[in-house]
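Given next are the chains, with one letter for each unit.
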Amino acid sequence: MEQHIIELPKRIVVGEGALKSLGGHFRDMFPSGSLVFVVTGPHIINSLYNDVKQILEDNGFSVTYTIAGPATVDEANRVAEEAKRDRADVLLGLGGGRSIDLAKYAAAESGKEFVSVPTAPSHDGITSPFATLRGFERPYSKLAKPPRLLLLDIDVISSAPKRLASAGFGDLIGKYTAVLDWRLAHNLRGEYYGAYAASLALMSARHVGAYARKIGLGSKDGIRALVEALVSSGVAMCIAGSSRPASGSEHLFAHALEMISKRPPLHGEAVGVGTILMSYLYGKDWVRIRRLLKEAGAPVNARELGVTDDEVIEALVKAASIRPERYTILGEKGLTRDAAEELATKTKVINGD
Ligand SMILES: NC(=O)C1=CN([C@@H]2O[C@H](COP(=O)(O)OP(=O)(O)OC[C@H]3O[C@@H](n4cnc5c(N)ncnc54)[C@H](OP(=O)(O)O)[C@@H]3O)[C@@H](O)[C@H]2O)C=CC1
Ligand SMILES: O=C(CO)COP(=O)(O)O
Ligand SMILES: [Zn+2]
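Residues numbered from 1 in each chain as written. Chains lettered and ligands numbered in written order. Predicted model: local features only at pLDDT ≥ 70, side-chain atom pairs only at ≥ 80, totals over all residues. Heavy atoms only, no water.

**With respect to the UniProt feature "binding site: substrate" (unreviewed entry) in the protein**
1) Next: Mapped onto the present numbering, the UniProt feature "binding site: substrate" (unreviewed entry) falls at Asp124, Asp171 and His255.
2) Next: Within the secondary structure layout, Asp124 lies in the loop between strand 5 (113-118) and strand 6 (130-131).
3) Next: In contact with Asp124, other than residues within four places in its own chain, are Asp171, Lys175, Leu230, Ser233, Met237 and Ala246.
4) Next: Within the secondary structure, Asp171 sits in helix 6 (residues 162-173).
5) Next: Once you skip the residues sitting within four places of it in the chain, Asp171 turns out to touch His123, Asp124, His251, His267, Gly268 and Val271. (UniProt positions renumbered as here; feature names shortened; annotations may be inferred. Helix = DSSP H or I, 4+ residues; strand = E, 2+ residues; numbered from the N terminus. Contact = heavy atoms within 4.5 Å.)

Printed below as a string of structure tokens:
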């Protein structure tokens, strides 16, 4: 009998001041005296790390740390080795996507528990079982493991630079076209389509759409809506067992742009612009997507992304080829250069205001 196995986070905690409850959740979930190995970045080590260490030590856990280097497989292997040498039981990612991905992948590789404590709402990798690291044989994510405990403190996440929240919005608005692509691949290629996972991902895009302005302003309401939608999208990926509900042609464009550009934008920023472009190809309301991105403070054209018009065109032409097994509106061969230029011009992504 064909089986579909769904691995989910065991506990998800969201709320203002949630960090204070970290020790209690650890006591519920891990044996007393466990060694917690924190993976965090050079900024967070000087702000939140000491609070986390104190909370865990007060609750009977030992704590060590490493500073997250670049988001590469080599760095994740170093983290895994160091965690093993320290006899760590739990790897805790504390920070943005880079620290979370390094801890997640190192935990999966070393067979240790993984806890995610994101400090920024930049994309749904902070809540998903997937990691993206340079050095993989591909420019997109790979299954690692879901967090056993996912703790999102709204006060902490609201304090992240605004650009990261706008990028998180872009990543989530992308679910509109990701789900259309999944459905298309099902209809044209007979690919498995999980209606429930698709609805959940779609709901995350609809939810943040209603909060675009508040997210742009960085209000707590807006950030809470954003964080809940990031959880919903991460869970959709857990249920699907792949990033299909969360990543389609708009992500192919974003991955291609990241490979091509000399100064790549943030992941969610590129995904947002990709969603404008792919919505146009689907005959959907790309003007509305553009307006929502503007309201959320996210880029809508090449200039705002900090890339050249030519890099946008090149990324559109390249997009279909980087993940041939993931069928999308771009088809198997992708766009010609002329078609790419026309698409980007009509949607004001290039030559625009
Ligand atoms: N797994 C997945 O599905 C996906 C993974 N990714 C990966 O995620 C990474 C990008 O993640 P992203 O979050 O954008 O970037 P980073 O993790 O690099 O974080 C960006 C910067 O913001 C800082 N920061 C984070 N939180 C706060 C805060 N509360 N206050 C002040 N500064 C803060 C970080 O500090 P510090 O330097 O201390 O870390 C860092 O300098 C890339 O490696 C990318 O490949 C992208 C998309 C999907
Ligand atoms: O970014 C993601 C979902 O938002 C992960 O998707 P990819 O599998 O395309 O890397
Ligand atoms: Zn994404």
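Now that the structure has been shown, we can carry on.
**Looking at the coordination of the zinc ion (ligand 3)**
As a benchmark, a tetrahedral metal site with four donors has ideal angles of 109.5 degrees, while an octahedral site with six donors has ideal angles of 90 or 180 degrees.
1) Next: Taken together, the protein donors to the zinc ion (ligand 3) comprise Asp171 (OD), His251 (NE2) and His267 (NE2), at separations of 2.1 Å.
2) Next: Counting the intervening residues between successive donors of the zinc ion (ligand 3) yields the motif D-x79-H-x15-H. Within this pair, whereas Asp171 is found in helix 6, its partner His251 is found in helix 11 (residues 249-260), the two being separated by 80 residues in sequence. (Donors = N, O, S within 2.8 Å, 3.2 Å for Na, K, Ca; no water.)

**With respect to the nonpolar core**
1) Next: Residues Phe169, Phe253, Leu277, Val312 and Leu316 are the most contacted members of the largest nonpolar core, which totals 91 residues.
2) Next: Ranked by residue count, the leading element in this core is helix 10 (residues 220-240), at 10 residues.
3) Next: A domain split of this core shows at least three residues from each of domain 1 (11-158) and domain 2 (162-346).
4) Next: Those residues within four positions of Leu316 in sequence are excluded, and the remaining contacts are Phe253, Leu277, Met278, Leu335, Ala340, Leu343 and Ala344. (Core = buried A, V, L, I, M, F, W, Y, C linked by side-chain atoms within 4.5 Å. Buried < 20%, exposed > 50% of the residue type's maximum accessible area, 1.4 Å probe, protein only. Domains from an automatic or database assignment.)

**Points about the site of ligand 1**
1) Next: Around ligand 1, the structure places 23 residues, and the nearest of them are His43, Gly97, Thr119, Ser122 and Phe130.
2) Next: Within the side chain of Ser122, one N or O atom sits 2.5 Å away from an oxygen atom of ligand 1.
3) Next: Phe130 places a main-chain nitrogen or oxygen 2.8 Å from a nitrogen atom of ligand 1.
4) Next: In the complex, the protein chains occlude 80% of the 930 Å² of accessible area that ligand 1 would expose alone.
5) Next: Elements that contribute at least two residues to the shell around ligand 1 include exactly helix 4 (97-110) and strand 6. (Near = heavy atom within 4 Å. Polar contact = N/O pair within 3.5 Å; in protein donor to acceptor, adjacent residues only side chain to side chain. Areas by Shrake-Rupley, 256 points an atom, 1.4 Å probe, with all protein chains shown as cover.)

**A closer look at the sheet that holds strand 1 (residues 11-15)**
1) Next: A sheet is described by the order of its strands in space; here six strands give the open sequence 1-8-5-4-2-3, paired in parallel fashion. Bordering the open sheet on either side are strand 1 and strand 3 (62-67), each of which pairs with just one other strand. For this sheet the average axis-to-axis angle between neighbouring strands, irrespective of direction, equals 15 degrees.
2) Next: Two strands pair when backbone bridges link them, and strand 4 (residues 90-95) and strand 5 are joined in this way by six bridges, in the parallel orientation. By the bridge assignment for strand 5, Gly93 is matched with Ser116.
3) Next: Sheet strands touched by helix 1 (residues 22-29): strand 1, strand 2 (35-40), strand 4, strand 5 and strand 8 (149-153). Its angle to strand 8, the strand with the most contacts, is close to 170 degrees.
4) Next: Running over the sheet, helix 3 (residues 73-85) touches strand 2, strand 3 and strand 4 and is turned about 155 degrees from strand 3. (Pairing = 2+ DSSP bridges. Axes fitted to C-alpha atoms, helices over the stretch in contact; angles between N-to-C directions.)

**Observations regarding helix 12 (residues 267-281)**
1) Next: If you check helix 12, its first and last C-alpha atoms are 21 Å apart, about what 15 residues at 1.5 Å a residue would give, namely 21 Å.
2) Next: The buried fraction of helix 12 is high, at 12 of 15 residues.
3) Next: Immediately beyond the C-terminal end of helix 12, within one or two residues, lies Gly283, with a positive phi of roughly 70 degrees. (Expected span 1.5 Å × (residues − 1).)

**Focus on the pairing of strand 8**
1) Next: Across the five residues that make up strand 8, a large majority, five, are buried.
2) Next: Alignment of strand 1 against strand 8, held across five bridges, turns out to be parallel. Its bridge partner lying in strand 8, Val13 is registered against Leu151.
3) Next: Inspection of the sheet shows strand 5 paired to strand 8 by two bridges, in the parallel sense. From the neighbouring strand, Val115 faces strand 8, where its bridge partner is Leu149.

**A word on the side chain of Thr127**
1) Next: Mapped onto the fold, Thr127 is located in the loop between strand 5 and strand 6.
2) Next: Classification of Thr127 as buried rests on a relative accessible area of 1%.
3) Next: Those residues within four positions of Thr127 in sequence are excluded, and the remaining contacts are Pro147, Leu150, Leu230, Val231 and Gly234.

**Observations concerning the UniProt feature "binding site: Zn(2+)" (unreviewed entry) in the protein**
1) Next: UniProt records the feature "binding site: Zn(2+)" (unreviewed entry) at Asp171, His251 and His267, using the numbering of this structure. Their sequence span is 97 residues, while the largest C-alpha to C-alpha distance among them is just 8.6 Å; these annotated residues converge on one region.
2) Next: The contact partners of His251, leaving out residues within four places of it in the chain, are Asp171, Lys175, Ala246, His267 and Val271.

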